[in-house]
Amino acid sequence: MTMKLYGDPGSGSLRRVTTAAKIMGVELERVKVDLFKGESQTDEFKSRFNPHGLTPVLVDGDTVLYEAAAINLYLADKVNSPLAGKTKEERFQVLKWMFWSGEQWRIFFTTVFDERVGKTVMGLPQDEAVVAFAEGKIRAAAKVLDEHLKNREFMVGNALTLADIDVAAPFSQIDRSKPPLREFPNLMAWQDNLLKTVPAWAETKEEVDNRFDTFLSSAGVEL
Ligand SMILES: N[C@@H](CCC(=O)N[C@@H](CS)C(=O)NCC(=O)O)C(=O)O
């Protein structure tokens, strides 16, 4: 039975999984959960898939898994993919950046996105102090990343891994939530290189952008 992946095509978290699945050649049946209509926040969604009301969610037979990083590791394990790292040393370096990315990186972009995009869509004022706090955290982490990526094409080793996908995820909303990433030249060069050399990363960017462009223009929202 084909595995099912629940999520919205505008989601940067879903993009992490669709990108990895394309690269690994894993077939997934996509099930759209319209986040602009709050479809992940229903009692039914929360009790069947994720009590936090968040996507993506993978369903593989009796296994129901949320958290994109866990889903990607599950898929990589299934097909024994080098995306999880080719050696034991690489695998732990990949895990290090994936955990780091969850705790010290992506969460602050979510905050900036919620303030700049979410609140604009809802017609609410942004909390400038919250944005300033999150941007300070982003700049501090980006400085470390920028140094790490000096003279490197990939986060770990000499090929794309799940670490690149997790750390690159915030670039999905860069033009809408406008986090201060353009101040970091090595980070930008790494991201541009991923878009040029990893076709799946470029294809999934287009999907996210199209979904947002269509929604924002139909809602008459300018960011
Ligand atoms: N830590 C989670 C984050 C998931 C997440 O924030 N998903 C967002 C879309 S990018 C969502 O489903 N939001 C729905 C909502 O807030 O109602 C992961 O990595 O999967």
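Rules behind the numbers
- Here the residue numbers are simple positions, counted from 1 along each chain's written sequence.
- It should be noted that, the model being predicted, local features are given only for residues of pLDDT at least 70 and side-chain atom pairs only at 80 or more, the latter also being counted only at that level, while totals for whole chains, interfaces and linings use all residues.
- Side-chain measures here rest on the full set of heavy atoms in the structure, leaving out hydrogens and waters.
- Within 6.5 Å between ring centres, the rings of Phe, Tyr and Trp (the latter by its six-membered ring) count as paired, and their orientation is classed by plane angle as stacked under 30 degrees, edge-to-face over 60, tilted in between.
- Secondary structure counts use DSSP, requiring at least four H or I residues in a row for a helix and at least two E residues in a row for a strand, with both numbered from the N terminus.
- Partly exposed residues are those whose accessible area sits between 20% and 50% of the maximum for their type, while under 20% is buried and over 50% is exposed, using a 1.4 Å probe and protein chains only.
- Buried residues of nine kinds, namely Ala, Val, Leu, Ile, Met, Phe, Trp, Tyr and Cys, make up a nonpolar core once their side-chain atoms join them within 4.5 Å.
- Residue ranges for the domains trace back to a domain assignment, done automatically or taken from a database.
- Residue contacts are counted whenever heavy atoms from the two residues lie within 4.5 Å of one another.
- What counts as a salt bridge is simple: a side-chain nitrogen of Lys or Arg found within 4 Å of a carboxyl oxygen of Asp or Glu.
- Nearness of a residue to a molecule or strand requires only that one of the residue's heavy atoms be within 4 Å of it.
- Two N or O atoms count as a polar contact when they lie within 3.5 Å, although within protein this holds only if one can serve as hydrogen donor and the other as acceptor, and sequence-adjacent residues are included solely when both atoms are side-chain atoms.
- Residue burial considers only the protein chains on display, and all accessible areas are found by Shrake-Rupley using a 1.4 Å probe.
- Residues are called lining when one of their atoms sits within 4 Å of a cavity or pocket point, these points coming from a 1 Å grid over the protein atoms alone, where a cavity is a set in which a 1.4 Å probe fits but cannot get out and a pocket is an open set with protein on both sides within 12 Å along at least five of seven lines.
- For this analysis, a molecule is said to be in a pocket or cavity if more than half of its atoms are within 2 Å of the grid points defining it.
- Think of it as three bins: nonpolar holds Ala, Val, Leu, Ile, Met, Phe, Trp, Tyr, Cys and Pro, charged holds Asp, Glu, Lys and Arg, and polar takes everything else, Gly as well.
- Only C-alpha atoms enter the line fits that serve as axes; for helices the fit covers just the stretch in contact. Angles between N-to-C directions range over 0 to 180 degrees.
- Oblique is the label for any angle not under 35 degrees, not over 145, and not in the 65 to 115 range, which are roughly parallel, roughly antiparallel and roughly perpendicular in turn.
- It is the rotation of the near helix from the far one that decides the hand of a crossing: anticlockwise by less than a right angle makes it left-handed, clockwise makes it right-handed.
- Buried area, as used here, totals the accessible surface that two parts lose on assembly, with accessibility defined by a 1.4 Å probe and the loss added over both.

### Side note on the packing of aromatic side chains
The relative placement of two aromatic rings is captured by the distance of their centres and the angle of their planes.
Next up, step 1: In the structure shown here, the tally under the stated rule is 10 aromatic pairs.
Next up, step 2: Ring centres of Trp97 and Trp100 lie 5.2 Å apart, and the angle between their planes is 80 degrees; on these two criteria the pair is classed as edge-to-face. In this pair, Trp97 and Trp100 are both assigned in helix H4 (residues 88–104), three residues apart and thus about one turn of the helix distant. Residues Trp97 and Trp100 agree in their burial class; the two are buried.
Next up, step 3: Linked through ring pairs, Phe36, Phe113, Phe212 and Phe215 together constitute an aromatic cluster.

### Quick word on the nonpolar core
Next up, step 1: Leu28, Leu75, Trp105, Met155, Leu181, Leu187 and Trp190 are the most contacted members of the largest nonpolar core, which has 50 residues in total.
Next up, step 2: Those elements giving two or more residues to this core turn out to be strand S1 (3–7), helix H1 (12–24), helix H3 (68–79), H4, helix H5 (106–122), helix H6 (128–148), helix H7 (162–168) and helix H9 (185–197).
Next up, step 3: When residues of this core are sorted by domain, at least three fall in each of domain 1 (3–82) and domain 2 (84–198).
Next up, step 4: Ignoring anything within four residues of it in the chain, the contact list for Leu181 reads Trp105, Phe109, Ile138, Phe171, Ile174, Leu187 and Met188.

### Brief notes about the pattern of salt bridges
Next up, step 1: Evaluated as defined, the whole model comprises 16 salt bridges.
Next up, step 2: The partner of Glu207 in a salt bridge is Arg30, with the nearest N and O atoms 2.7 Å apart. Of this pair, Glu207 sits in helix H10 (residues 199–218) while Arg30 sits in strand S2 (residues 28–32), placing them 177 residues apart in sequence.
Next up, step 3: Here the salt bridges share partners, and the residues they tie into one network are Asp8, Asp34, Lys37 and Arg211.

### Observations concerning the site of the ligand
Next up, step 1: The full set of residues close to the ligand is Ser11, Ser13, Arg16, Leu35, Ser40, Gln41, Gly53, Leu54, Thr55, Pro56, Glu67 and Ala68.
Next up, step 2: At a separation of 2.8 Å, an oxygen atom of the ligand approaches a polar side-chain atom of Thr55.
Next up, step 3: Glu67 has a polar side-chain atom sitting 2.8 Å from a nitrogen atom of the ligand.
Next up, step 4: Protein chains shield 72% of the accessible area of the ligand, which is 510 Å² for the free molecule.
Next up, step 5: The pocket occupied by the ligand, as judged from atoms lying within 2 Å of grid points, is the largest pocket.
Next up, step 6: For the shell around the ligand, the class distribution of residues is four nonpolar, six polar and two charged.

### Notes on the packing of H6 against H9
Next up, step 1: The interhelical angle for the contact between H6 and H9, taken along N-to-C directions, is 65 degrees, at an axis separation of 7 Å. Overall, the two elements H6 and H9 adopt an arrangement that is roughly perpendicular. For the element pair H6 and H9, the recorded crossing hand is left-handed. Here Ala142, Leu145 and Asp146 of H6 come into contact with H9, specifically with Pro185, Asn186 and Leu187.
Next up, step 2: In the contact of H6 with H9, the residues fall into four nonpolar, one polar and one charged.

### A word on the environment of Asp34
Next up, step 1: One can find Asp34 in the loop between S2 and helix H2 (43–48).
Next up, step 2: Among the residues examined, Asp34 registers a relative accessible area of 8% and is labelled buried.
Next up, step 3: Taking C-alpha positions, Asp34 is 9.8 Å from Tyr6, a pair spaced 28 residues apart along the chain.
Next up, step 4: In this structure, Asp34 is in contact with Asp8, Glu39 and Arg211, ignoring residues within four places of it in sequence.

### Re the side chain of Thr161
Next up, step 1: Locating Thr161 in the fold gives a position in the loop between H6 and H7.
Next up, step 2: The exposure class of Thr161 is buried, given its relative accessible area of 2%.

### Quick word on the domain arrangement of the chain
Next up, step 1: What the domain assignment reports for the chain is domain 1 (3–82) and domain 2 (84–198).
Next up, step 2: Its C-alpha centre places domain 1 at a distance of 20 Å from the equivalent point of domain 2.
Next up, step 3: Contacts between domain 1 and domain 2 engage 13 residues on the former and 16 residues on the latter.
Next up, step 4: Between domain 1 and domain 2, a total of about 1,100 Å² is buried, with carbon and sulfur atoms accounting for 62% of that surface.
Next up, step 5: Here Arg16 and Asp166 are joined by a salt bridge, their closest N and O atoms 2.9 Å apart.
Next up, step 6: For the pair domain 1 and domain 2, the interface holds six residue pairs in polar contact (both at pLDDT 80 or more).
Next up, step 7: Elements supplying a minimum of two residues to the side of domain 1 that touches domain 2: H1 and H3.
Next up, step 8: Looking at the side of domain 1 that touches domain 2, the element that brings in the most residues is H1, giving six residues.
Next up, step 9: Counted by class, the side of domain 1 that touches domain 2 contains six nonpolar, five polar and two charged residues.

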